[in-house]
Amino acid sequence: MTDDNARGSARPENATPRGVSRRTVVTASAWSLPVIAAAIATPMAAASTGTPTLLFSTPTLTMAGCSALTGVTVTGTTDGTTPVAAGTPITITLPAGFTFTGGEASPLVLTADANGQVTLPSITAPLNASGMSLTATSGAVSAAAPVTVTTPIGTRLYVGAISFNPDFIVVPETNLPTGYAFRSVHATDGAVFATLGDGSLWVARENPTTGTVPGPMAWYDTGLDADAGSMLASSSPNVYDSLVQVGGALYTVTVPGTWSTAPTTAALPNPASGAPVQLASINGVGTYYAETADGRVWSTPRTGASRGTWTEITGFQAPLKDWFVLRGNNSETVWVIDANGGLFSSASGTGIRPTVVANRRNAGATWVAPLSHFAKNHADSANGGTGGAAFVDANGNLFSSSGSQNVDRSGVLAGQLGDLQILRTDDSLGSTTNTILHVVTGGRLYAADLQNNYPFADITPPASQLGTATIVDAHSTGSGNSGFSFAIDSQSRVWVSNRYLNGTPVWTLAGGQPAMPNAGGIVQDGKFTYVFGEPSSCPV
């Protein structure tokens, strides 16, 4: 394998196209890469003890379940200092369930070199083990090294809300290479990207209508190396078309024809003012959008002769505070909060790509300037989906863009929304009106229903279900009022309920969750929930 130090930083600016070099350090635990035993300099003796010894290079060993351990040595002495003679047999015995990766039998007899040392073959751990020790013997002398096996995380990827059913299932593994392991995941509104153990970036399409199964859902190598968990990415929900930034460079990942067709990865120039800091890919008219570090917003057609030629969207005072894009039938609307906290949006009609935004303040607006931020999708944060805009004003209240933008949706969070993230989920079946908002604050969950004019209310699962856990994340999915809200608690459990309307939601624990979910591995994209979990067995 490639040494981690040679692979460089895990930050996306070091990710590169395949064929140049692999530079990405992946972050989640997995079984496919060896766990290197650090050689610890253990003094045999300050002075001779006169007693023969056997010493492991690492007194205690720690490895992930299903992983491989290499580099372990055992040194024999005749008196605590003098190495045993070359050729002296040293027998290594593995704990139950452990194996030598090369297929050697245990106990295994090795012979000492001129330094009295033997190097053990690579050792593979079982999925779970406790109270185990690796032993070495030579004649009447023996030694043991305790082995701690940690739970492998990232070994399987589970997805929730398949076909709008709250049960989780294991994500299909079609096309993934033998012995793969997921390391990090980035879910967008239409595609899911995953980094495998070798640093390669793979992609699969989500089906926004039926879920990922049947999709069919298949994985494809993008030809890029990147840490999916930290890269920028945005996907059009109904067209398999993604905009990805790795290594400060833009790439498109597109697929013509059926969903099971392998994608094409192509480089795309950056806007004139540099690498983007936020992306959006919209299928209303067919546009890529990008914000650059100087607070300007740019667009380029997704297809055609002008693809890759970026046009700045003007009409507001840069640098902007926040922005997002709404899609419609053959239309796209760019919403901007500018440097002065004013509200702007495009006035484009059907089929017209917005290039200039106009001030949306009017005499009927009751919100107080300056505005601070928009409600936006969970992972694909610059892509707001369908419907209208929802934004927070100077008093910390939320308003939605109905008519004169004077509908207050703050509810029980009135005056408290100034610095809180507002998670927006648009209807998964493409409706232009159904929008649910969630806020997680103080360990509790709040929701508002813009379609049915219900302001924010506390919908936290009851303490009788949560126990001492708190809510750390949320999203929703589904069609209209028949969808679900999902709440993730601090114990990595996912709860599901009917959407909040006008009453108390009923929460149940989502079925099919992995036995040992990893809270750090939970990824949301506004339609689906992805969770890293422990497998039932090691892969073959």
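Residues numbered from 1 in each chain as written. Predicted model: local features only at pLDDT ≥ 70, side-chain atom pairs only at ≥ 80, totals over all residues. Heavy atoms only, no water.

## Overview of the overall build of the protein
Item 1. The secondary structure content of the protein amounts to two helices and 45 strands.
Item 2. Here the protein holds 540 residues, and the buried ones make up 54% of them.
Item 3. Once local pairs closer than 6 in sequence are excluded, the contacts in the protein between residues at least 24 apart make up 56%. (Helix = DSSP H or I, 4+ residues; strand = E, 2+ residues; numbered from the N terminus. Buried < 20%, exposed > 50% of the residue type's maximum accessible area, 1.4 Å probe, protein only. Contact = heavy atoms within 4.5 Å.)

## Quick notes on the confidence of the model for the protein
Item 1. Here the protein shows a mean pLDDT of 80. Residues at 70 or above account for 77%.
Item 2. Note on residues 1–47: pLDDT is under 50 here. Beyond four places in sequence and across chains, it has 128 contacts.
Item 3. Note on residues 210–214: pLDDT under 50 across the span, and 17 contacts to partners over four residues away in sequence or across chains. (pLDDT = per-residue confidence, 0-100.)

## A short note on the pairing of strand β6 (residues 89–93)
Item 1. Of the two faces of β6, the one holding I90 and I92 is buried and the one holding P89, T91 and T93 is not buried anywhere.
Item 2. With three bridges connecting them, β6 and strand β11 (residues 132–138) associate as antiparallel partners. From the neighbouring strand, T91 faces β11, where its bridge partner is T137. (Pairing = 2+ DSSP bridges.)

## Re the packing of aromatic side chains
Item 1. For the structure shown, the criterion picks out four aromatic pairs.
Item 2. For the pair F182 and W219, a centre-to-centre distance of 5.5 Å together with 55° between the ring planes defines the contact as tilted. Of the two residues, F182 is situated in strand β15 (residues 182–187) and W219 in the loop between β17 (200–205) and β18 (220–225); the sequence distance between them amounts to 37 residues. When sorted by exposure, F182 lands in the same class as W219, which is buried.
Item 3. Between F324 and F374 the ring centres are 4.9 Å apart and the planes differ by 45°, which places this aromatic pair in the tilted class. Of this pair, F324 sits in strand β27 (residues 322–328) while F374 sits in strand β31 (residues 373–374), and the two are 50 residues apart along the sequence. By the burial criterion, F324 is buried, and F374 matches it. (Phe/Tyr/Trp six-rings, centres within 6.5 Å; stacked < 30°, edge-to-face > 60°.)

## As for the pattern of salt bridges
Side chains that differ in charge, positive against negative, can pair when their charged atoms come close.
Item 1. As enumerated under the stated definition, the model contains six salt bridges in all.
Item 2. Note that D241 and R302 form a salt bridge whose closest N and O atoms lie 3.6 Å from each other. Of this pair, D241 sits in strand β20 (residues 241–246) while R302 sits in the loop between β25 (297–301) and β26 (311–313), and the two are 61 residues apart along the sequence. Like D241, the residue R302 is buried in the burial classification. (Salt bridge = Lys/Arg side-chain N within 4 Å of Asp/Glu carboxyl O.)

## Observations concerning the side chain of S346
Item 1. Mapping S346 onto the fold places it in strand β29 (residues 343–346).
Item 2. Once residues within four sequence positions are removed from consideration, S346 is found in contact with E332, T333, V334, P354, V356, V357 and R360.

## A closer look at the sheet that holds strand β33 (residues 390–392)
Item 1. Strand order across the open sheet formed by four strands is β31-β33-β34-β35, with antiparallel pairing between neighbours. If you trace the sheet from one side to the other, it starts and ends with β31 and β35 (407–408), each paired once.
Item 2. Here three bridges tie β33 to strand β34 (residues 398–400), and the two strands are oriented antiparallel to one another. Within β34, the residue paired with V392 across the bridge is L398.

## With respect to the environment of A267
Item 1. Take A267: it is sitting in strand β22 (residues 264–268).
Item 2. Taking relative accessible area as the criterion, A267 reaches 61% and is therefore assigned exposed.
Item 3. Spatially, the C-alpha atoms of A267 and L250 are 6.0 Å apart, while their sequence positions differ by 17 residues.
Item 4. Once residues within four sequence positions are removed from consideration, A267 is found in contact with L250 and Y251.

## Notes on the sheet that holds strand β36 (residues 423–426)
Item 1. The strand order across the open sheet formed by four strands is β36-β37-β38-β39, and the pairing between neighbours is antiparallel. This sheet does not close on itself; its edge strands, each paired only once, are β36 and β39 (454–458). On average, each strand axis in the sheet is tilted by 20° relative to the strand beside it, whichever way the strands run.
Item 2. As paired elements, strand β38 (residues 444–449) and β39 share three bridges and run antiparallel to each other. Bridged to D449 within β39 is Y454. (Axes fitted to C-alpha atoms, helices over the stretch in contact; angles between N-to-C directions.)

## Examining unusual backbone geometry
Item 1. Residue P107 is bonded to the preceding S106 through a cis peptide linkage, with omega at 5°.
Item 2. Along the polypeptide, P107 turns up in the loop between β7 (99–100) and β8 (108–111).
Item 3. A369 connects to P370 through a cis peptide bond whose omega is 0°.
Item 4. A positive phi is found at S492, a non-glycine position, where the angle reads about 70°.
Item 5. By the secondary structure assignment, S492 is in the loop between β41 (484–489) and β42 (494–498).
Item 6. By relative accessible area, S492 is classed as buried at 7%.

## Thoughts on the nonpolar core
The nonpolar side chains of a soluble globular protein tend to be buried, and buried together.
Item 1. Formed by 28 residues in total, the largest nonpolar core has its most connected members in F56, V74, I90, I92, F98, L120 and L134.
Item 2. Looking at this core element by element, the count peaks at five residues for strand β12 (residues 141–150).
Item 3. In this view, F56 contacts V72, T73, V74, L134, T135, A136, A143, A144 and A145; residues no more than four positions away in its chain are not counted.
Item 4. Counting residues in hydrophobic clusters, the runner-up holds 19 residues, among them L157, F182, W202 and F528. (Core = buried A, V, L, I, M, F, W, Y, C linked by side-chain atoms within 4.5 Å.)

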